[in-house]
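# Observations on chain architecture
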Amino acid sequence: MLVGIGSDHGGFRLKEDIKQYLQEQGINFTDFGTCSTDSVDYPDVSREVAQAVADGKCDRGIIICGTGIGVSIAANKIRGIRAALCHDVYSAQMSREHNDANILTMGERVIGMGLARAIVEKWLATEFAGGRHSRRVCMIADLER
Ligand code: RB5
C-alpha cells in the first residue's frame, strides 16, 4: 500500500510523527508537504493528496491541518474522494467499514500523537465491509454527477 500524506503548517508536526510511525511499520508513503511550520494554504496540499488518491497514484491519503476540518472539506471536493475526519479510533474503523473512506484527516491542535497513531493504525488495517454499504457508497458517487 502506498499512502499519500500531507499537511499545512498547523499539521506539520503531527505529519512528521505519522511519517515516522509509517516508517516504523514498513508502510510506504509519499509526502506532499508542507515542509515546515511556515504558513501555507491548506486547500493546496489537500488538493494534491486527494488528486493523487483519485488518480490511483496513492492507495490512501492522510491529511492533517490544525483542526482536520479545512483539509477534509477541501479533499471532499475532488471527485472520487471520501475523506473522513476522525479523532477517535471507533470513527476511524467505521469510516473504513461503512464509508470506504479513502482519505483520513486529523487535527494536530485537537488530538495528541499517541491517539493519532492509534487512529492511523486502525484506519489502515480496516477493510471496507461491502454489502449494503456498497450501495450507499455508490449513492454518494451519484451525487458527484
Ligand atoms: C491554519 O491556521 C488553520 O486554519 C488550518 O490548519 C485548519 O485548521 C483549517 O481548517
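Overview of the structure.

The rules we used
Residues numbered from 1 in each chain as written. Predicted model: local features only at pLDDT ≥ 70, side-chain atom pairs only at ≥ 80, totals over all residues. Heavy atoms only, no water. Buried < 20%, exposed > 50% of the residue type's maximum accessible area, 1.4 Å probe, protein only. Helix = DSSP H or I, 4+ residues; strand = E, 2+ residues; numbered from the N terminus. Pairing = 2+ DSSP bridges. Axes fitted to C-alpha atoms, helices over the stretch in contact; angles between N-to-C directions. Parallel < 35°, antiparallel > 145°, perpendicular 65-115°, else oblique. Left-handed = near helix turned anticlockwise from the far one by under 90°. Contact = heavy atoms within 4.5 Å. Nonpolar A, V, L, I, M, F, W, Y, C, P; charged D, E, K, R; others polar. Right-handed = clockwise from strand over helix to strand, strands pointing away. Near = heavy atom within 4 Å. Polar contact = N/O pair within 3.5 Å; in protein donor to acceptor, adjacent residues only side chain to side chain. Areas by Shrake-Rupley, 256 points an atom, 1.4 Å probe, with all protein chains shown as cover.

Moving on to the pairing of strand β3 (residues 60-65). β3 sits mainly inside the fold: six of its six residues count as buried. The alternating pattern of β3 places Arg60, Ile62 and Ile64 and Gly61, Ile63 and Cys65 on opposite faces, both of which are buried. As judged from the five bridges shared by strand β1 (residues 2-7) and β3, these two strands associate in the parallel manner. Bridge pairing in β3 links Ser7 to Ile64. In this structure, β3 lies alongside strand β5 (residues 103-107), joined through five bridges in parallel fashion. Residue Ile62 lies in a different strand from β5, and its bridge partner there is Leu104.

Turning next to the packing of helix α1 (residues 12-25) against helix α5 (residues 113-125). For the pair α1 and α5, the least separation of the axes is 10 Å and the interaxial angle reads 50 degrees. Considering their axes alone, α1 and α5 lie oblique with respect to each other. Seen along the crossing, α1 lies across α5 with a hand that is right-handed. Of α5, the residues touching α1 (which contributes Arg13, Leu14, Asp17, Ile18, Gln20, Tyr21, Leu22 and Glu24) are Met113, Ala116, Arg117, Val120, Glu121 and Leu124. Per-class residue counts for the contact of α1 with α5 are eight nonpolar, one polar and five charged.

Before going further, it helps to spend a moment on the pairing of strand β2 (residues 28-31). Here β1 runs beside β2; their pairing, made up of four bridges, is parallel. Within β2, the position partnered with Ile5 by the bridge is Asp31. One crossover worth recording links β1 to the parallel β2 by way of α1, and it is right-handed.

Further remarks concern the site of the ligand. Around the ligand sit Asp8, His9, Tyr42, Cys65, Gly66, Thr67, Gly70 and Arg109, and that is every residue in its neighbourhood. Gly70 has a polar backbone atom sitting 2.9 Å from an oxygen atom of the ligand. Between the ligand and the protein, one listed contact pairs an oxygen atom with a side-chain N or O atom of Arg109 at 3.4 Å. Considering the ligand on its own, with 290 Å² of exposed area, one finds that the protein chains cover 72% of that surface. Across the shell around the ligand, the residue classes tally to two nonpolar, four polar and two charged.

Here we come to the side chain of Arg117. Note that Arg117 resides in helix α5. Arg117 gets classed as buried once you look at its relative accessible area, which sits at 19%. For Arg117, the contacting residues outside a window of four places in its chain are Asp17, Ile18, Gln20, Tyr21 and Glu24.

Functional significance is not addressed by these values, which are geometric in nature.
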